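Each chain, written out:
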Amino acid sequence: IRQCGNISASSATIGKELDIAATKESIYDAIKNKDYKAIDLKVNIKQPKISTEVAKSVNTLLAEFSTKFSTNDSNRVTNIVLSAKATSDVLLMPGEEFSYNNLTGKRTKSNGYKDAPVIINGKLEQDVGGGVCQVSTTIYNAALLAGLEIVEVHNHTYISHYVSGGRDATVAYGYYDLKFKNPYSHPIYI
């Protein structure tokens, strides 16, 4: 977890957004009045959510943590890669909450996840999304070291082979999540 790193901040830009309701109204009026001419689209100016200055304030390493895994089980590797991509490149603003499950979405085959070993009712079984808990555990440990406010975390039934006891974070969509908040007055980058 960084409040810095090898990230770069580009200049914020003002955006434009089509005002659908106003444009629709113009179209309806033209039809109603049989006024068949070009209609000007109604466009609203959108200010950037994050200013250039705020983005550039991300400049310090708060914490980092890593775990190792075998590449022998390609399904597990796929699940790790998918969940790592979904939970990376997150700019967490002050007071904002990180939710692992909200970022990854449901771990289903239609979302690209595959069958790999998971702990279900205390037993190791094959199920969709096996391996994603290693990513949540890695993020959890970085969050702990960074001093972030842990909102929700759950341990596995058994000690995980990739981290010491009590330092794991099991996730199960709809049941167990990893959540933490940014307690700082500056954004952090995950």
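Let me begin by describing the structure that accompanies this report. In this convention, every chain numbers its residues from 1, walking through the sequence in written order. Under the rules for a predicted model, residues below a pLDDT of 70 receive no local features and side-chain atom pairs below 80 are neither given nor counted, while totals for whole chains, interfaces and linings still include all residues. To obtain the side-chain values, all non-hydrogen atoms of the structure were included, while hydrogens and water were left out.

1. Points about the sheet that holds strand S9 (residues 149–152)
Next up, step 1: Two strands make a pair as long as DSSP finds a minimum of two bridges between them. Think of it this way: any DSSP run of H or I at least four residues long counts as a helix, any run of E at least two long counts as a strand, and we number them from the N terminus. Read from one edge of the open sheet, three strands run S6-S10-S9, paired in antiparallel fashion. Looking at strand neighbours, the two that pair on one side only are strand S6 (97–99) and S9, the edges of this open sheet. Neighbour-to-neighbour, the strand axes of this sheet turn through a mean angle of 25°, independent of strand direction. Think of each axis as a best-fit line through the C-alpha atoms, taken over the contacting stretch in the case of a helix, with angles from 0 to 180 degrees between the N-to-C directions.

2. A short note on the side chain of Asn 101
Next up, step 1: Within the fold, Asn 101 resides in helix H4 (residues 100–104).
Next up, step 2: By the criterion applied in these results, polar contacts are pairs of N or O atoms within 3.5 Å in which, for protein atoms, one can donate a hydrogen and the other can accept it, and in which residues neighboring in sequence qualify only through two side-chain atoms. Here the side chain of Asn 101 touches Arg 107 through a polar contact of 2.9 Å, side chain to side chain.
Next up, step 3: Side-chain polar atoms of Asn 101 contact the backbone oxygen of Tyr 176, separated by 2.9 Å.
Next up, step 4: Whether two residues are in contact is decided by their heavy atoms: any pair within 4.5 Å suffices. Excluding residues within four positions of it along the chain, Asn 101 makes contact with Arg 107, Val 171, Ala 172, Tyr 173, Gly 174, Tyr 176 and Asp 177.

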